[in-house]
Amino acid sequence: MTGMDHVARIQAEWAAERPDVDVTPQGVIGRLHRLAAHLTGELVAVFREHGLDEGEFDVLAALRRAGEPFERAPGELARHTMVTTGAMTKRIDRLERTGLVTRRRSGDDGRCRVVALTPAGRALIDEAFTAHMRNEHRLLDALTADQAAHLEAILKTWLARYES
């Protein structure tokens, strides 16, 4: 089993023990799973360099993408980051304590709240996002531009099945 990667070794062991079961899906799923873990570690390291965790980066990025005046309602933030409103509240609390966001009542409806980037929050997310994109380019350097485009098309098609 020399020269085999981790997933190939697992497939070979299963093939020997359970030749009646087709283990070929592990070649894709197992490698995607392992790759996701490696990539997450590489991405989170950059966030940490900027004093953020992954969730905090997501909130600041969602606010920055909103454009001027860089604000959204907490429920809208939760939808843009795909977390529960309870988890969003905790993230906003942490970011507010560090002076990166503010909360205020909505001018349209006094019962609603709005979360906005502070100037410090905008400066930090702009810096962190630039570093994040540089990191993602570095991570994709293992593929040619054609391979990356082909992989993106495959993943887009596959993901659409779950996120239509």
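An account of the accompanying structure is given in this report. Remember, it's a predicted structure, so these values are computed and weren't measured experimentally.

Observations concerning the packing of helix α1 (residues 6-17) against helix α2 (residues 25-49)
Turning to step 1, where the next piece is worked out: Following both chains from N to C, one finds α1 and α2 inclined at 140°, their axes separated by 9 Å at the closest point. Looking at the two axes, α1 sits oblique to α2. The crossing of α1 and α2 is right-handed. On α2, the residues that touch His 6, Val 7, Ala 8, Ile 10, Gln 11 and Trp 14 of α1 are Gln 26, Gly 27, Gly 30, Arg 31 and Arg 34.

Some thoughts on α2
Turning to step 1, where the next piece is worked out: Between its first and last C-alpha atoms α2 spans 37 Å; for 25 residues at 1.5 Å apiece the expected length is 36 Å, and the two agree.
Turning to step 2, where the next piece is worked out: Turning to α2, its buried residues are Gly 27, Leu 43, Val 44, Val 46 and Phe 47.

Topic: the sheet that holds strand β1 (residues 71-72)
Sheet strands associate in pairs through backbone hydrogen bonding, adopting either a parallel or an antiparallel arrangement.
Turning to step 1, where the next piece is worked out: With respect to topology, three strands assemble into an open sheet ordered β1-β3-β2, the strand pairing being antiparallel. Every other strand in the sheet has two partners, leaving β1 and β2 (101-105) as the edge strands with one partner each.
Turning to step 2, where the next piece is worked out: One ladder, built from five bridges, connects β2 with strand β3 (residues 113-117); its direction is antiparallel. By the bridge assignment, Arg 105 is partnered in β3 with Arg 113.

A look at the environment of Pro 74
Turning to step 1, where the next piece is worked out: Positionally, Pro 74 belongs in helix α4 (residues 74-81).
Turning to step 2, where the next piece is worked out: In this structure Pro 74 comes out as partly exposed when scored by relative accessible area, which is 24%.
Turning to step 3, where the next piece is worked out: Separated by 73 residues in the primary sequence, Pro 74 and Gln 147 have C-alpha atoms spaced 38 Å apart.
Turning to step 4, where the next piece is worked out: If we ignore the near neighbours within four places in the chain, the residues touching Pro 74 are Met 88, Ile 92, Arg 113 and Val 115.

Structural notes on the side chain of Asn 135
Turning to step 1, where the next piece is worked out: Here Asn 135 is to be found in helix α6 (residues 119-140).
Turning to step 2, where the next piece is worked out: Those residues in contact with Asn 135 that sit more than four places away from it in its chain are Glu 42, Leu 43 and Val 46.

With respect to the pairing of β3
Turning to step 1, where the next piece is worked out: Buried residues dominate β3, accounting for four of its five residues.
Turning to step 2, where the next piece is worked out: Across two bridges, β1 lies against β3 in antiparallel orientation. Counted as the bridge partner of Glu 71 is Ala 116 from β3.

Focus on a nonpolar patch on the surface
Turning to step 1, where the next piece is worked out: A cluster of nonpolar side chains, Val 28, Ile 29, Leu 32, Leu 140, Leu 143, Leu 151, Leu 155, Trp 158, Leu 159 and Tyr 162, forms an exposed patch at the surface whose accessible area comes to about 870 Å².
Turning to step 2, where the next piece is worked out: Taken together, the elements giving at least two residues each to the nonpolar patch come down to α2 and α7 (145-160).
Turning to step 3, where the next piece is worked out: Here the nonpolar patch takes four residues from α7, the largest share from any one element.
Turning to step 4, where the next piece is worked out: Counting through the fold element by element, Tyr 162 comes out in the segment after α7.

Some remarks on the packing of helix α3 (residues 54-65) against α4
Turning to step 1, where the next piece is worked out: Contact geometry of α3 with α4 gives a least axis separation of 10 Å together with a crossing angle of 110°. Of the possible angle classes, the one that applies to α3 and α4 is roughly perpendicular. Of the residues in α4, those touching α3 at Asp 58, Val 59, Ala 62, Leu 63 and Arg 65 are Leu 77, His 80 and Thr 81.

Thresholds applied
- Residues numbered from 1 in each chain as written.
- Predicted model: local features only at pLDDT ≥ 70, side-chain atom pairs only at ≥ 80, totals over all residues.
- Heavy atoms only, no water.
- Axes fitted to C-alpha atoms, helices over the stretch in contact; angles between N-to-C directions.
- Helix = DSSP H or I, 4+ residues; strand = E, 2+ residues; numbered from the N terminus.
- Parallel < 35°, antiparallel > 145°, perpendicular 65-115°, else oblique.
- Left-handed = near helix turned anticlockwise from the far one by under 90°.
- Contact = heavy atoms within 4.5 Å.
- Expected span 1.5 Å × (residues − 1).
- Buried < 20%, exposed > 50% of the residue type's maximum accessible area, 1.4 Å probe, protein only.
- Pairing = 2+ DSSP bridges.
- Patch = residues over 30% accessible without salt bridge, like charges linked within 9 Å, V, L, I, M, F, W, Y side chains within 5 Å.
- Areas by Shrake-Rupley, 256 points an atom, 1.4 Å probe, with all protein chains shown as cover.
- Salt bridge = Lys/Arg side-chain N within 4 Å of Asp/Glu carboxyl O.

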